[in-house]
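Chain by chain, the residues run as shown.
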Amino acid sequence: MPKKRVVVTILSIFLLVLVFTGCPTDSVPGGGGPGVSSSKYVVLGYNDLGMHCMNQDFSTLMILPPYNTLHAQVIERRGEEPRIVQSGVTVQYSIPGNTDSTDDTNFWDFAPALFNIASLPANIGLTGNGLSGTMTPTGDNDWSVTGIPITPIDDQGNENAYQLSSIVVKSAGQQVAATQAVVPVSWEISCDLCHVPNTGETVDMDILRDHDRLHSTHLVDSTPVMCGSCHAQAPLGTTGSPGVPSLSHAMHSAHASRMSAVSLEVNCYACHPGVRTQCLRDVHLAHGKDCYDCHG
């Protein structure tokens with residue numbers, strides 16, 4: 001056999017071996033975090049919603065509290081037989097540039113009355129988690145932290161609805177993988193487009209007055225009001241009162257016929273975030289889709 005053909009044959013066999021066995025793990029770059037040059041781990045981070053909404057002011061009513069949920073999946077032995085890791089490592093999260101929420105909203109002042117609890121520590125969310133900490137395994141092939149009390153205002157006072165979290169995996173105290181994931185949150189709820197308060201009152205109080213007038217309730221005298229206490233609200237896990245429609249059904253039914261009163265490119269932005277936040281984005285917008293194409 002000519003020497004050239006022998007060399008080509010050997011190279012072909014070598015390439016086939018690489019295809020079927022994978023590259024050595026120590027030649028594969030690590031999880032992308034600072035100081036990680038190579039590792040057998042990789043971590044994937046993701047949020048459970050495209051946008052978490054919250055009120056800015058909780059003194060009168062609450063639609064949703066600060067509550068963001070982050071997930072991570074840790075994978076070992078990148079190559080031929082990757083394995084999902086559910087123990088033996090530590091998965092930590094933080095939000096660089098956002099370490100304090102209590103100066104952004106009065107949620108912590110009114111949380112005890114809204115949720116009938118004694119108190120809620122500063123910068124701690126409803127599930128006991130803060131703006132940084134350790135994620136826990138879910139038993140469903142990933143790790144998570146629930147109820148992160150993040151607001152759309154960072155430590156510099158800038159509004160940012162799409163802040164990045166840092167997720168770091170450690171083994172035996174050493175960082176072995178890292179990634180970033182968006183923790184989306186917005187309080188751009190434009191009720192003031194239609195609700196015009198009396199002099200000296202707030203938009204939220206006007207909402208309660210309209211509710212009392214239309215439904216013979218007495219919410220104005222019961223502030224702060226949690227909408228989910230009467231209307232079933234899946235994000236809060238409330239079941240509501242018998243015969244009362246869910247909050248989503250009640251809100252959409254009451255406002256759908258009134259959208260002609262607003263002048264917006266996307267009418268859903270009258271309630272959903274919003275002209276600044278631009279919830280309608282990414283692949284949907286790129287393909288010319290609007291909210292009505294899926295939601296009616």
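Refer to the preceding data block for the structure.
To keep things clear, this report deals only with the structure shown in the data block. Keep in mind the model is a prediction, meaning the values are calculated, not measured. (Residues numbered from 1 in each chain as written. Predicted model: local features only at pLDDT ≥ 70, side-chain atom pairs only at ≥ 80, totals over all residues. Heavy atoms only, no water.)

Focus on the environment of Asn 129
Item 1. Positionally, Asn 129 belongs in the loop between helix H2 (107–115) and strand E7 (133–134).
Item 2. Residue class for Asn 129 comes out partly exposed when judged on its relative accessible area of 21%.
Item 3. For the pair Asn 129 and Val 145, spaced 16 residues apart in sequence, the C-alpha to C-alpha distance is 7.3 Å.
Item 4. Those residues in contact with Asn 129, other than ones at most four positions away along the chain, are Tyr 93, Asn 123, Ile 124, Val 145, Thr 146, Gly 147 and Pro 149.
Item 5. Here Thr 127 takes part through its side chain, which lies 3.3 Å from a polar atom of the side chain of Asn 129. (Helix = DSSP H or I, 4+ residues; strand = E, 2+ residues; numbered from the N terminus. Buried < 20%, exposed > 50% of the residue type's maximum accessible area, 1.4 Å probe, protein only. Contact = heavy atoms within 4.5 Å. Polar contact = N/O pair within 3.5 Å; in protein donor to acceptor, adjacent residues only side chain to side chain.)

Describing the pattern of salt bridges
Item 1. For the structure on display, the rule yields 6 salt bridges.
Item 2. Glu 76 is paired through a salt bridge with Lys 40; the nearest N and O atoms lie 3.0 Å apart. With a gap of 36 residues between them, Glu 76 in strand E4 (residues 68–76) and Lys 40 in the loop between helix H1 (3–21) and strand E1 (41–47) connect regions that are remote in the sequence.
Item 3. On the basis of relative accessibility, which here comes to 7%, the residue Glu 76 falls in the buried class.
Item 4. On the basis of relative accessibility, which here comes to 39%, the residue Lys 40 falls in the partly exposed class.
Item 5. A salt bridge links Arg 83 to Glu 76, with the shortest nitrogen-to-oxygen separation between them at 2.1 Å.
Item 6. The class of Arg 83 is partly exposed, set by a relative accessible area of 36%.
Item 7. Among the ionic contacts, a cluster of salt bridges with common partners joins Lys 40, Glu 76 and Arg 83. (Salt bridge = Lys/Arg side-chain N within 4 Å of Asp/Glu carboxyl O.)

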